[in-house]
Amino acid sequence: MATVAFREIVKEFGRTRVLHGVSLDIADGEFVVLVGPSGCGKSTLLRMLAGLEDITGGSIAIDGRVVNDVDSKDRDIAMVFQSYALYPHMTVRENMGFSLRLRNERQTVIDGRVAQAAKILNLEPYLARYPRELSGGQRQRVAMGRAIVRDPKVFLFDEPLSNLDAKLRVAMRAEIKALHQRLKTTTVYVTHDQIEAMTMADRIAVMNDGRIEQLGRPLDLYDRPANLFVAQFIGSPAMNIFDGVVRAGAVEALGARWPAAGGAEGQRVKYGMRPEHLEPAASGIAAEVVVVEPMGAETEILASIGETRLTVMTRGRSSAGPGDRIFLAPHSAHVHLFDAQSGLRI
Amino acid sequence: MTSRKLLSEAKLWLVGIPVLIWTLVPIYHIFLFSISTKDSAFSGRLWPDHPTLRNFGTVFRQEHFYLHHFWHQIWNSVWIACAAGALTMAIATCAAFAISRLKVRGGRAVMNAALFTYFIPAAFLAVPMYKAMGNYGLLNSRWSLVLAMVTIASPYAIWVLKQASDKLPWELDEAARIDGATPVQLFRLVYLPLMVPSLVAIFTYALLLAWNEYLYAFLLLSHENTIPLAVGLGHFLSSDDSPWEILMATALIYGMPPAAIYYVFRRYMVGGLTAGAVKS
């Protein structure tokens, strides 16, 4: 177990700068998720920690030791790849024991560790099989098994669930989280899927364009996004955001007055409200129903006010149909105001 | 079947049948000669009146003037072909690994140079090669032919293996590095096992190239005991009255090993070993 510290990390590929001085401290045993759209630099950051990419500037320390010039194999890390990267000519047992074999561990030790990992991951029936004889989920578990037999200081996951189907992804998500709770190994996990990030992380670093936009606990990010990017990225369905102007303690937008606290009189703002905080009511702001998506426990209604589309999430069922007129009641306690120019939270 | 399909099928047959005849007739000719007696060899019939296997006995027992060193020469052929195959494979594998997986500097230049060698016909190099071998005192040694064959086969072998290496998932190297593998361990434990089909293909290629070589063998080796059988066969033609039936019997025997090698290694020619490595 170990801490990880990124200090002012810069990465350039040729003349293109993909990371602009990223700093991040990860505590011992913490599960940190790097999340962001593709091309934001999250995988690059992880690969630099793994020693698979050179560091252009700044430093990375594992357990207080700067590892900039340390070989991957001497960093005491284990990585799970999106493509599994299992050795196709080795059985599951050999795949999992490979790192120990390279360390010249005794065979009894290797067998013991592999057996233990196989037990944790329910891989015992498959130890003699080859990767090609396994399903996607099993392969991914073998990849995780290969990581845990090492008992490394840090686990690195690079989009490990992206190749799995939706149902398996949910199951593996829970497995990885359970594994972390059991082993308590410091983990850095990269994904573009904000739901994975929300459900698994102790803390999330939302990245965009080579910078960390916000770092915090999942619900803190959800409840208090620091800027427009985080507000739009975190949460599914995404937050409703539209232009408005602060007037007399409220925001005038879409031809109506929306409850708000803060902002200077006359300030141009982006008004944000999550779909579940915008409920249909007997009276309020009028809107027209465009699409109704019943999901059983809740119903998602796509409504429009003029040209602006708003997503409304309501618990239970809805009797509204396309073309119906409904009234929206925004929760005044859950308003997110952002400066229209800087995009920063007000 | 639509008329268009029928047409394309017909075209295929139209090309295929002549090619088949073109390929098989000489082989049948060799076979026909080899089972004919000396008198009936030129009878012009499609099947001899009295087919015989005596010619093969003559060859195996070295009972003809031109065949006094038959076993020695076929052993030379085997030795030279295997050595050329093994050496080419070793050189090309190391080169491809270094260029494709370790990304050493100058790799591109090596690849371009390898391709460039094919602008020069092998025959042009015969005289310089002869001179070089003479300088090293290798003339009349089987090694001279082995080295010449390796020189000729390596560029293509490197090219092919580099392409095959590039297809191996890069993540495997990264996973191995993180697992603690040194480059040598990566080469031995991950790269080589996955390259087996390509290695066999390259080994076979170089082996057959050396097995079938005549020009360089004729130039570099001249002693009865060092020449391969290909050159030995050529000696048959040095007299006015060549024993064609025995020449063809020997040729048929000489043609067997390549056919056998193709048959044995055919399953390696198809890939599929990397299935399951990564999601594709």
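Residues numbered from 1 in each chain as written. Chains lettered and ligands numbered in written order. Predicted model: local features only at pLDDT ≥ 70, side-chain atom pairs only at ≥ 80, totals over all residues.

**Digging into the overall build of chain B**
Assigned secondary structure in chain B consists of eleven helices and zero strands. Oriented by its inertia axes, the alpha-carbon framework of chain B measures out at about 75 × 65 × 35 Å. By residue count, 34% of the 280 residues in chain B fall in the buried class. Expressed as a percentage of contacts within chain B between residues at least 6 apart in sequence, the contacts between residues at least 24 apart total 77%. (Helix = DSSP H or I, 4+ residues; strand = E, 2+ residues; numbered from the N terminus. Buried ≥ 20, exposed ≤ 12 C-beta atoms within 10 Å, placed from the backbone. Contact = placed C-beta atoms within 7 Å.)

**Here we look at the overall build of chain A**
Per the secondary structure count, chain A includes eight helices and 20 strands. Burial status across chain A gives 42% buried among its 346 residues.

**Re the environment of S23 of chain A**
All names here are of chain A. Along the chain, S23 turns up in strand 2 (residues 16–26). For the pair S23 and R211, spaced 188 residues apart in sequence, the C-alpha separation works out to 9.0 Å. Those residues in contact with S23, other than ones at most four positions away along the chain, are F6, R7 and E8.

**Structural notes on the pairing of strand 19 (residues 325–330) of chain A**
Residues and elements named next belong to chain A. Side chains I326, L328 and P330 of strand 19 all project onto a buried face; the interleaved residues R325, F327 and A329 project onto a face where none is buried. Bridge count between strand 15 (residues 278–281) and strand 19: four bridges; the pairing is antiparallel. Within strand 19, the position partnered with A281 by the bridge is F327. Relative to strand 19, strand 16 (residues 285–294) runs antiparallel, the two sharing four bridges. (Pairing = 2+ DSSP bridges.)

**Concerning the packing of helix 3 (residues 70–101) of chain B against helix 8 (residues 183–212) of chain B**
Residue and element names in this part refer to chain B. Running from N to C, helix 3 and helix 8 cross one another at 140°; their axes reach a closest spacing of 8 Å. When the axes of helix 3 and helix 8 are compared, the pair comes out oblique. Crossing geometry of helix 3 relative to helix 8 is assigned as right-handed. Seen from helix 3, the contacting residues are S77, I80, A81, C82, A84, G85, T88, M89, A92, T93, F97 and R101; seen from helix 8, they are F187, Y191, M195, L199, I202, F203, A206, L207, A210 and W211. (Axes fitted to C-alpha atoms, helices over the stretch in contact; angles between N-to-C directions. Parallel < 35°, antiparallel > 145°, perpendicular 65-115°, else oblique. Left-handed = near helix turned anticlockwise from the far one by under 90°.)

**Quick look at the packing of helix 3 of chain B against helix 6 (residues 142–166) of chain B**
All names here are of chain B. Between helix 3 and helix 6, the shortest axis-to-axis distance is 7 Å and the interhelical angle comes to 35°. Crossing geometry of helix 3 relative to helix 6 is assigned as right-handed. Grouping the amino acids of the contact of helix 3 with helix 6 by side-chain chemistry returns 19 nonpolar, six polar and four charged. (Nonpolar A, V, L, I, M, F, W, Y, C, P; charged D, E, K, R; others polar.)

**Topic: the confidence of the model for chain A**
Scored by pLDDT, chain A has a mean of 92; 100% of the residues are at 70 or more. The secondary-structure element of chain A with the lowest mean pLDDT is strand 15 of chain A, recorded at 88, while strand 3 (residues 31–35) of chain A shows the highest, at 96. (pLDDT = per-residue confidence, 0-100.)

**Quick notes on the sheet that holds strand 9 (residues 203–208) of chain A**
Residue and element names in this part refer to chain A. One open sheet holds the six strands; their spatial order is 6-7-8-3-9-10, and the pairing between them is mixed. Because the sheet does not close on itself, it has two edges, and the strands there are strand 6 (77–80) and strand 10 (211–216). Looking at each pair of strands side by side, their axes are set apart by 15° on average, direction ignored. Inspection of the sheet shows strand 3 paired to strand 9 by four bridges, in the parallel sense. When the bridges of strand 9 are listed, V33 appears paired with I204. Sheet strands touched by helix 4 (residues 136–148): strand 6 and strand 7 (154–158). Its angle to strand 6, the strand with the most contacts, is close to 175°.

**Considerations on the interface of chain A and chain B**
Facing the 24 residues of chain A at the interface are 21 residues of chain B. Sorting the residues of the side of chain A that touches chain B by element identifies strand 6 and helix 2 (92–102) of chain A as the ones contributing at least two each. A breakdown of the residues in the side of chain A that touches chain B according to their chemical character gives 15 nonpolar, six polar and three charged.

**Side note on the domain arrangement of chain B**
According to the domain assignment, chain B contains domain 1 (3–60) and domain 2 (69–237). The gap between the C-alpha centroids of domain 1 of chain B and domain 2 of chain B is 33 Å. (Domains from an automatic or database assignment.)

**Things to note about the sheet that holds strand 19 of chain A**
All names here are of chain A. Strand order in this open sheet of five strands is 15-19-16-17-18, and the pairing throughout is antiparallel. Of all the strands in the sheet, just strand 15 and strand 18 (308–315) have a single pairing partner and so form its edges. Neighbour-to-neighbour, the strand axes of the sheet open up by a mean angle of 50°, direction not taken into account.

**A few points about the environment of V110 of chain B**
All names here are of chain B. Along the chain, the position of V110 falls in helix 4 (residues 107–116). Spatially, the C-alpha atoms of V110 and W159 are 9.6 Å apart, while their sequence positions differ by 49 residues. Excluding residues that lie within four positions of it along the chain, V110 makes contacts with A95 and I99.

**Focus on the pairing of strand 8 (residues 186–191) of chain A**
Residues and elements named next belong to chain A. Of all the six residues making up strand 8, six are buried; the element is thus mostly covered by neighbouring parts of the structure. Side-chain alternation along strand 8 places T186, V188 and V190 on one buried face and T187, Y189 and T191 on a second face that is also buried. As defined by bridge partners, strand 3 adjoins strand 8 across five bridges and the pair is classed as parallel. If you follow V33 over to strand 8, its bridge partner there is Y189.

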